[in-house]
Amino acid sequence: MNFNKAIWGFIVFSFTLLGCGSGESNESSVINTDPAVISSIDISSELTEQGQILKATISCLDCLPTLTEYSWSIDGMIISTIDSYILTAQDFNKKIRIEVSVNNNDNLADTAYKIVVPSRIQVSEIYSSDGAFAALKTDGSVVTWGESYWGENISAVDSSSVELTNVSEIYSNPYAFAALKADSSVVTWGFNSRGGDSSAVELTKIAKIYSTDAAFAALKTDGSVVTWGESYWGGDSSAVELTNVTELYSTESAFAALKTDGSIVTWGNSENGGDSSAVELTNITKIYSTDVAFAALKTDGSVVTWGDNFNGGDSSAVELTKVAKIYSTNVAFAALKTDGSVVTWGNNFHGGDSSAVELINVAEIYSNQSAFAALKADGSVVTWGSENGGDSSAVELTNVTEIYSTLHAFAALKTDGSVVTWGNNFNGGDSSAVELTNIAKIYSNWGVFAALKIDGSVVTWGGNANEQYTSAVELTNVTEIYSTTHAFAALQTDGSVVAWGSNERGGDSSAVANDLLPSGINIVVIETDVP
């Protein structure tokens, strides 16, 4: 703002009237002239036939409207010189500066500015349970659709009984959702006994939420933990002391809490990792899991395991030292060592036995439910495990950059944007019917792959016609894809959402189609020199 706002101009005129030798002078007269002062700039929005309009309205003292000037700019480039501006699609989430100049008859001017960032009220992220989607919008509201019946007459998608506003993040298990709000409180819905009903616990000051297949565990800002859901699946933690916790991990039915001192506390199904009393858990840095066992990596690179002995809980037959990272199928582990070699254990048929392959110079390991695929430093791939992905001898795997999976198949993305697939044909192992070029990223559900191309289009294969059927929807300008077990939801550049696949698992979003469309804008003020 101009310095005029802080200074009053005083002009003093002194007149001495001389006449008839009177020698008297009149008193001095003082005239105060007020400057123009901008007291506020309000930015509003309106959707018209021309598009979304931003309009500036000022409050001003001693201003002449005919002398008011406006200047809208983005990155220093003037975009409008009137009191309004029609937004283009490229303007959203950019800083827009509006500067206003005012004046009056005495040429005592003022200027003020405001910088705003307009953003669409639209879907920003989509979350899922096994059979339902929950779309989080930029204004903190949530739209849900999918499975309408999930046992005990409890709807896994019916969120009408809870207030879903000011939500910042959503978590889920296969049967229920838990929404973390901006005030650190939590709202839950879905299958009541499996986490959808949290009325028995106090969920405040929550930092993050974790889950097993039928329970939730909420980590609070003070390091304590609150649990709810099926007791046998980790919903009841009353028997353990959960303080100073930094991170939580889970199998399908047990939790493991890592504490600040590197110790571990476990609870839930004792056979699937809930009981760790037989092992010493100190100096732990991270925990990994199969469906039924845990593997804890220690600071010295060694590993401690517990849970179902036949499916990863017993690692006594292998040497686990100098381990950098651990991967898993549903019932086997693979430990990548610092020298690029790999050690495996657990169920032999699901990847626990890698004796038939040479595992050296490995950079990363991927897995589906029953097989592993190791990406080597030279871009080649070695596979082992069940026939559902463990045998890749029929395909050429070179120049691979990333590997994706369904339950029983793999898809390898190559440096040239092409894709090679193998494994169970019904689950995406056979992609011969589709053209896979210029692929940017691949997504999957249980049995179908969805490949996002560089141009924003999508190619699908695997499963049955109902699961991959996309001809009824237009998949263009896609930026991200999400999935339930048998359906997909694609987020497009204009903020709209397209769903396909099994109607019962979220493939039909027609009932909430209007709710999923962009609706108005948010205007955030990031800088100004007026109130």
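My aim in this report is to walk through the structure given alongside it, one point at a time.

**Digging into the overall build of the protein chain**
Counting its regular elements, the protein chain contains one helix and 40 strands. What you see for the protein chain is a C-alpha radius of gyration of 32 Å, clearly larger than the 24 Å of a compact globule of 531 residues, by over 25%. Each principal axis of the C-alpha atoms in the protein chain carries an extent, and together these give about 125 × 55 × 50 Å. Here the analysis covers contacts within the protein chain between residues at least 6 apart in sequence; of these, 44% occur between residues at least 24 apart.

**Details of the pattern of salt bridges**
Within the structure shown, the criterion is met by seven salt bridges. A salt bridge links Glu230 to Arg194, with the nearest nitrogen and oxygen atoms 3.9 Å apart. With Glu230 in the loop between strand 18 (225-229) and strand 19 (245-250) and Arg194 in the loop between strand 15 (186-190) and strand 16 (206-211), this pair connects stretches of sequence that are 36 residues apart. The class for Glu230 is partly exposed, based on a relative accessible area of 27%. Here Glu247 ties to Lys208 by a salt bridge, and the two come within 3.6 Å at their closest N and O atoms. Of this pair, Glu247 sits in strand 19 while Lys208 sits in strand 16; the two residues are 39 residues apart in sequence, bridging distant segments of the chain.

**Focus: the state of the cysteines**
Under the criterion given, the structure shown has one disulfide. Paired by a disulfide, Cys60 and Cys63 hold their sulfur atoms 1.5 Å apart.

**Points about the sheet that holds strand 7 (residues 84-86)**
With antiparallel pairing, three strands are arranged side by side in an open sheet as 3-4-7. Of all strands in the sheet, those with a lone pairing partner are strand 3 (37-48) and strand 7, marking the two edges. Averaged over all neighbouring strand pairs, the angle between strand axes comes to 15 degrees, with direction disregarded.

**What to know about the sheet that holds strand 10 (residues 123-128)**
Strand order in the open sheet formed by three strands is 10-11-12, with antiparallel pairing between adjacent strands. The open sheet has two free edges, formed respectively by strand 10 and strand 12 (142-146), since each of these has just one partner strand. Direction aside, neighbouring strands of the sheet carry axes that sit 20 degrees apart on average. Note: strand 11 (residues 132-137) against strand 12, five bridges, orientation antiparallel. Among the inter-strand pairings, Ala134 is bridged to a residue of strand 12, identified as Thr144.

**So, the pairing of strand 3**
Of the strand pairs in this sheet, strand 3 and strand 4 (residues 51-61) are connected by 11 bridges, and their pairing is antiparallel. Following the sheet pairing, Ile38 is matched in strand 4 by Cys60. Between the antiparallel neighbours strand 3 and strand 4 lie two residues.

**So, the pairing of strand 19**
Sheet topology note: the strand 19/strand 20 (residues 254-259) ladder contains five bridges and is antiparallel. Bridge pairing in strand 20 places Ser250 opposite Phe255.

**Regarding the layout of surface pockets**
Rolled over the atoms, a probe as big as a water molecule pinpoints where empty space is left. Its boundaries defined by the atoms lining it, the largest pocket holds a volume of some 1,200 Å³. In terms of lining, the largest pocket is formed by 34 residues, of which the most central are Asp130, Asp213, Asp291, Leu407 and Trp446. Within the residue set of the lining of the largest pocket, elements represented by two or more residues are strand 28 (362-367), strand 31 (400-405) and strand 34 (439-444). For the second largest pocket, the calculated volume is near 160 Å³. What lines the second largest pocket is Leu47, Gln52, Leu87, Thr88, Ala89, Phe92, Arg120, Pro518, Ser519, Gly520 and Ile521. The residue makeup of the lining of the second largest pocket, split by class, is six nonpolar, four polar and one charged.

Rules and cut-offs
- Residues numbered from 1 in each chain as written.
- Predicted model: local features only at pLDDT ≥ 70, side-chain atom pairs only at ≥ 80, totals over all residues.
- Heavy atoms only, no water.
- Helix = DSSP H or I, 4+ residues; strand = E, 2+ residues; numbered from the N terminus.
- Rg over C-alpha atoms; globule rule 2.2 N^0.38 Å.
- Contact = heavy atoms within 4.5 Å.
- Salt bridge = Lys/Arg side-chain N within 4 Å of Asp/Glu carboxyl O.
- Buried < 20%, exposed > 50% of the residue type's maximum accessible area, 1.4 Å probe, protein only.
- Disulfide = S-S within 2.5 Å.
- Pairing = 2+ DSSP bridges.
- Axes fitted to C-alpha atoms, helices over the stretch in contact; angles between N-to-C directions.
- 1 Å grid on protein atoms, 1.4 Å probe; cavity = no way out; pocket = protein on both sides within 12 Å on 5 of 7 lines; lining within 4 Å.
- Points joined across faces, edges and corners; volume = space filled by probe spheres on them.
- Nonpolar A, V, L, I, M, F, W, Y, C, P; charged D, E, K, R; others polar.

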